[in-house]
Amino acid sequence: MSAISQRSAHRSEPQAGREGFGRLLRAEWIKFRTVRGWVVAMTAAALVTVLLGLMSASSNHGSCSSGPVEVACPPPLVGPGGEAVDDKFYFVHRPLAGDGSITARLTSMTGQIRKPDVTPGQRNVVPGVVPWAKAGVMIKESTKQGSAYAAMMMTGEHGVRMQHNFTHDVAGRPGGVSRQSPRWLRLTRAGDTLTGYESADGTNWTQIGTATLAGLPQTVQIGMFATSPGDLTVTQGDLGGSIAASRFTEATGEFDQVTLQGNASGAWRDDDIGVSIAPDGSEHHPGRASQSDGAFSVTGVGDIAPTIEGPTAERPLSSALTGLILVIVVAVMFITTEYRHGLIRLTLLAGPRRGRMLTAKALALGLVTFAAALPATAITFTIGGRILRDNGNAVLPVSLLTQVRIVVGMAALFALAAVLALALGTLLRRSVAAVITAIAVIVVPHVLATTSVLPDSAARWLLRVTPAAGFATQQSIPEYAHVLGHYAPIAGFYPLPPLAGLAVLAGYTALALGLAVFQLRRRDA
Amino acid sequence: MQATIEVNGLRKRFGQTLALDGMSFTVLPGQVTGFVGPNGAGKSTTMRVILGLDAADEGHALIGGRPYTSLRNPLTHVGALLDAGALQPSRTARNHLLWLAHSQGLDGRRVDGVLEQVGMQSAGRRKAGGFSLGMRQRLGIAAALLGDPPVLMLDEPVNGLDPEGIVWMRGFLRALAGEGRAVLVSSHLMSELEDTADHLVVVGKGRVIADTSVADLITTASRGQVTLRTAARSEAMSVLGHTGATMAVTDPDTIVVSGLPSERIVAVLNANGVPFSEVATHRVTLEQAYMDLTGDAVEYRGAAR
């Protein structure tokens, strides 16, 4: 026995196996394409997804008021990372040329929150700060909204943080601030690198984080800021679901012992960055600042954070649910008709290794479904998105990578759901029972979770443990730990990350296919 | 590969029913082997076990010395027609064969070849759902022939065929055996196999009753058969039963006795004082030989032991 002949013998085996599998795959593809009803239904699933998606986008009009007139909404403000952002705060600043730093002692952080009116028409404002109210020091590219920045700040309930460019957040020491225990904050610039420090006494400093703001200009704005996002209240709806409301708040930071290093020789300037303009042209809920004996008081309204509310890019894809039902029916029929007509025996004569045969069938169906669904999700997403924007909706922008993930992920969801339905059809051998089961585990949980039927917690649970978790792949706006939001399925937020959700669906599909193979092997045909 | 089917000691139980009870036989190349027995005798189950569709509780079935499930491109080793109705009605005849062909590494040319072979070239583009039973049987034969296999197994292929179709099928099966193939054809009617089969495997109650050539079966059955006419039927059966003879009641006063020469019968009856009016030896038809093997005689033989 020479080593060479052994190796060649080893190699020929898997090749023969692959060849056999390829033949079964091809046979299953021919089976699919030679039943006109299935081809028609699969095409219809794609068309229904596109048409319903585009129709829903067309009927979705958005407008914004500019003073007394309605105008198309401006495109959303975007941050350096391309995501939609809120950038609204009160900024007391100076220009800084080149490298330098700002150090300030924060001695107090207070604010007001408007609570639901107790007496109708009478404002019910109470003192307090919301969890993510912010006051601190900042270096920002310019006073233009959305420009690059890094900031060291105290927050309402999350201690000291270093944040930059809206989506990045690093925690410092927790706790609050008072005149007895002030918080020292420092931010330094060296080229494009900004470093944040904090201290309890102004002597012993701890570095919290660094941020690299590529392409930061020579002259930046440096100073103190304050801002305060709306107070979010979520109430459970009468019939399940939930309603989120946000009310006015403001936060005030008191600073002293402010020192600047570097070439920051200009005068302090106050800017209410991004302040809202009321219909009468006045500033709505403006911020303010005052200065005496080197002490500053800065009051701001707004937030410096990624936007999580607004028309999302995946909105037109809601039509996928309808297309999916058609796909499930076709997928189930692909195997149950074989049982009904006794054709399964002929199939097993041609491919007596049953696991291999069913895998070939599943792969053929999965590929066909993916090929039909991919153009459908791509067209629905891109054209639907364009229609939404043309209709005046300020669709929250997402990166190309995210767009690809949504389109390909939804096509994969179609394919996985089809294979899951096929496996259920193999296990149950009855079309109606299998279709109902497949819809009950894939479509129904998603419908229940995203309509006002269930409490948020039950909705999250459903989208975590059922195959409907796969729909998470279409979520375009991520959940941010540093932004308080109504992160519920009804608002388009899934409990699992996109790929994890898809993995749950894939897990169910693999499990069902495994059980189907097990039972197919065990049973007489 | 040898063109043989070997069935060895198959045993299979469906709940309370023993479907196969030690089924064993061999099918040789170059001849048509009739696989005959009453409905429920285990013919279809045996075929399904040979083809790896059903699992036997005991025993094994080999094709050319190998189990079906280990065959690569199995349709090039064995062609089978189990159920002519096993079709997707909305698929055309040609497409029905096309997927099957591609599963075995064959192509459309081979499909057109077998369609022509069974005389269906003009019906290839029609949906199989609209076919008559005869057409479906032909399509099933075409599917069995697709891989040009040395072994063919057909379950009740003439069932439901018109006389013209039956004649065609006989000629076709004979021609396939003439090419050196092993052809196993099942039927529950011996008459269907009378002019087709060279060899017979007669089964009943899940086991082989006779494994013999057609000529031998007739000779054996005839030689042993004696018609006994007697008014005292039960006494006659009782005394003859002790000798191990096989009996079939054909009339209230007539018994057909096999396995015992006429002179012994006369001697036994006389010795026990059983009256009788006539003892006659006779030759039987194949059908009768089969009925004797599978009919009441089976029950009586069982009871006599």
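Residues numbered from 1 in each chain as written. Chains lettered and ligands numbered in written order. Predicted model: local features only at pLDDT ≥ 70, side-chain atom pairs only at ≥ 80, totals over all residues. Heavy atoms only, no water.

**Quick look at the pattern of salt bridges**
- One pass over the full model with this rule turns up 25 salt bridges over all chains.
- Across the pair A:Arg183 and A:Glu198 runs a salt bridge whose closest N-O atoms are separated by 3.3 Å. Of the two residues, A:Arg183 is situated in strand E10 (residues 183–190) and A:Glu198 in strand E11 (residues 193–199); the sequence distance between them amounts to 15 residues. Each of the two residues, A:Arg183 as well as A:Glu198, counts as buried.
- Between B:Asp148 and B:Arg181 there is a salt bridge, with its nearest N and O atoms 2.8 Å apart. Of the two residues, B:Asp148 sits in the loop between helix H4 (133–145) and strand E6 (151–155) while B:Arg181 sits in the loop between helix H5 (163–178) and strand E7 (182–187), which places them 33 residues apart along the sequence.
- B:Arg181 gets classed as buried once you look at its relative accessible area, which sits at 10%.
- Three or more residues are tied together by salt bridges with common partners; here these are A:Glu28, A:Lys31, A:Glu338 and A:Lys361. (Salt bridge = Lys/Arg side-chain N within 4 Å of Asp/Glu carboxyl O. Helix = DSSP H or I, 4+ residues; strand = E, 2+ residues; numbered from the N terminus. Buried < 20%, exposed > 50% of the residue type's maximum accessible area, 1.4 Å probe, protein only.)

**Side note on the pairing of E6(B)**
Residues and elements named next belong to chain B.
- With five of five residues buried, E6 lies mostly within the body of the structure.
- Neither face of E6 is left uncovered, since the one carrying Val-151, Met-153 and Asp-155 and the one carrying Leu-152 and Leu-154 both have all their residues buried.
- When E6 meets E7, the two strands line up parallel, connected through five bridges. Looking at the pairing, Val-151 lines up with Ala-182 of E7.
- In this fold, E6 hands off to H5, which returns the chain to E7; that crossover is right-handed. (Pairing = 2+ DSSP bridges. Right-handed = clockwise from strand over helix to strand, strands pointing away.)

**Concerning the packing of aromatic side chains**
- Per the counting criterion, the structure on display carries eleven aromatic pairs over all chains.
- Ring plane angle 25° and centroid distance 4.8 Å describe the contact between B:Trp168 and B:Phe172, whose orientation is recorded as stacked. Note that B:Trp168 and B:Phe172 are positioned in helix H5 at a spacing of four residues, about one turn of the helix.
- Residue classification places B:Trp168 among the partly exposed residues on the basis of a relative accessible area of 21%.
- A:Lys31 extends its terminal NZ or CZ atom over the ring of B:Trp99, reaching a point 4.1 Å from the ring centre.
- A cation over an aromatic ring shows up here: A:Arg186 above the ring of A:Trp205, its NZ or CZ 4.1 Å from the ring centre. (Phe/Tyr/Trp six-rings, centres within 6.5 Å; stacked < 30°, edge-to-face > 60°. Lys NZ or Arg CZ within 6 Å of the ring centre and 35° of its normal.)

**Some points on the packing of helix H6 (residues 400–428) of chain A against helix H7 (residues 431–450) of chain A**
All names here are of chain A.
- For the pair H6 and H7, interaxial distance at closest approach is 9 Å and the crossing angle is 140°. Between H6 and H7, the angle is such that the two are oblique. For the element pair H6 and H7, the recorded crossing hand is right-handed. Contacts between H6 and H7 involve Ala-417, Leu-420, Ala-421, Leu-424, Gly-425 and Leu-428 from the first element and Ala-433, Ala-434, Thr-437, Ala-438, Val-441 and Ile-442 from the second.
- Taken together, the residues of the contact of H6 with H7 sort by class into ten nonpolar, two polar and no charged. (Axes fitted to C-alpha atoms, helices over the stretch in contact; angles between N-to-C directions. Parallel < 35°, antiparallel > 145°, perpendicular 65-115°, else oblique. Left-handed = near helix turned anticlockwise from the far one by under 90°. Contact = heavy atoms within 4.5 Å. Nonpolar A, V, L, I, M, F, W, Y, C, P; charged D, E, K, R; others polar.)

**Structural notes on the environment of A:Asp117**
Residues and elements named next belong to chain A.
- Its location among the elements puts Asp-117 in the loop between strand E4 (89–115) and strand E5 (124–127).
- For the pair Asp-117 and Leu-348, spaced 231 residues apart in sequence, the C-alpha separation works out to 72 Å.
- Those residues within four positions of Asp-117 in sequence are excluded, and the remaining contacts are Gln-122, Arg-123 and Asn-124.
- Of note is the side chain of Asp-117, whose polar atom sits 3.1 Å from the side chain of Arg-114. (Polar contact = N/O pair within 3.5 Å; in protein donor to acceptor, adjacent residues only side chain to side chain.)

**Concerning the interface of chain A and chain B**
- At the junction of the two partners, chain A supplies 28 residues and chain B supplies 32 residues.
- On inspection of chain A and its partner chain B, the count reaches one salt bridge.
- Joining chain A to chain B, the criterion identifies eleven residue pairs in polar contact (both at pLDDT 80 or more).
- For the side of chain A that touches chain B, the secondary structure elements donating two or more residues are helix H1 (3–33) and helix H4 (343–350) of chain A.
- By residue number, the principal contributor to the side of chain A that touches chain B is H1(A), which donates nine residues.
- Of the residues belonging to the side of chain A that touches chain B, the class tally is 13 nonpolar, five polar and ten charged.

**Things to note about the domain arrangement of chain B**
Residue and element names in this part refer to chain B.
- Annotation of chain B at the domain level lists domain 1 (5–213) and domain 2 (219–304).
- Taking the mean C-alpha position of each, domain 1 and domain 2 sit 37 Å from one another.
- Taken together, the 13 residues of domain 1 in the interface contact eight residues of domain 2.
- Of the roughly 850 Å² buried between domain 1 and domain 2 on both sides combined, carbon and sulfur atoms contribute 70%.
- By the criterion of area lost to domain 2, the three top residues of domain 1 are Met-190, Glu-194 and Ile-209, representing 51% of everything that side buries.
- Joining domain 1 to domain 2, the criterion identifies zero salt bridges.
- Inspection of the region where domain 1 meets domain 2 yields zero residue pairs in polar contact (both at pLDDT 80 or more). (Domains from an automatic or database assignment. Buried area = accessible area lost by both parts, 1.4 Å probe.)

**Quick word on the pairing of strand E8 (residues 160–164) of chain A**
Residue and element names in this part refer to chain A.
- Among the five residues that make up E8, five are buried, leaving the element largely enclosed by the rest of the structure.
- Burial along E8 is two-sided: Val-160, Met-162 and His-164 facing one way and Arg-161 and Gln-163 facing the other are all buried.
- Taken together, the five bridges between strand E7 (residues 149–155) and E8 define a ladder with antiparallel strand orientation. Its bridge partner being in E8, Ala-150 is matched across the sheet by His-164.
- What sits between the antiparallel neighbours E7 and E8 is a turn of four residues, in which Gly-159 has the positive phi angle 65°.
- Two elements, E8 and strand E9 (residues 168–171), share four bridges in a ladder whose sense is antiparallel.

**Re the sheet that holds strand E13 (residues 278–281) of chain B**
Residues and elements named next belong to chain B.
- In space, the four strands of this open sheet follow the order E11-E12-E10-E13, with antiparallel pairing throughout. Since the sheet does not close on itself, it has two edges, and those belong to strand E11 (246–251) and E13, each with one partner. Taking the axes of each pair of neighbouring strands and ignoring which way they run, one obtains an average angle of 25° across the sheet.
- Note: strand E10 (residues 226–229) against E13, four bridges, orientation antiparallel. The residue bridging Thr-227 from the neighbouring strand is Ala-280, located in E13.
- Packed onto the sheet, helix H8 (residues 233–241) meets E10, E11 and strand E12 (254–258) and runs at close to 165° relative to E11.

**Some words on the confidence of the model for chain A**
- When pLDDT is averaged along chain A, the result is 92, and 95% of the positions lie at 70 or above.
- The low-confidence segment residues 1–15 of chain A, where pLDDT is below 50, has one contact with residues more than four positions distant or belonging to other chains. (pLDDT = per-residue confidence, 0-100.)

**What to know about the domain arrangement of chain A**
Residues and elements named next belong to chain A.
- The domain architecture assigned to chain A consists of domain 1 (19–60 + 311–522) and domain 2 (85–306).
- Facing the 13 residues of domain 1 at the interface are 17 residues of domain 2.
- Looking at the side of domain 1 facing domain 2, the largest losses of area belong to His-482, Leu-484 and His-486, adding up to 50% of the total buried there.
- Counting across the interface, domain 1 meets domain 2 through zero salt bridges.
- Linking domain 1 with domain 2 are one residue pair in polar contact (both at pLDDT 80 or more), by the criterion used here.
- In terms of residue class, the side of domain 1 that touches domain 2 is made up of eight nonpolar, four polar and one charged.

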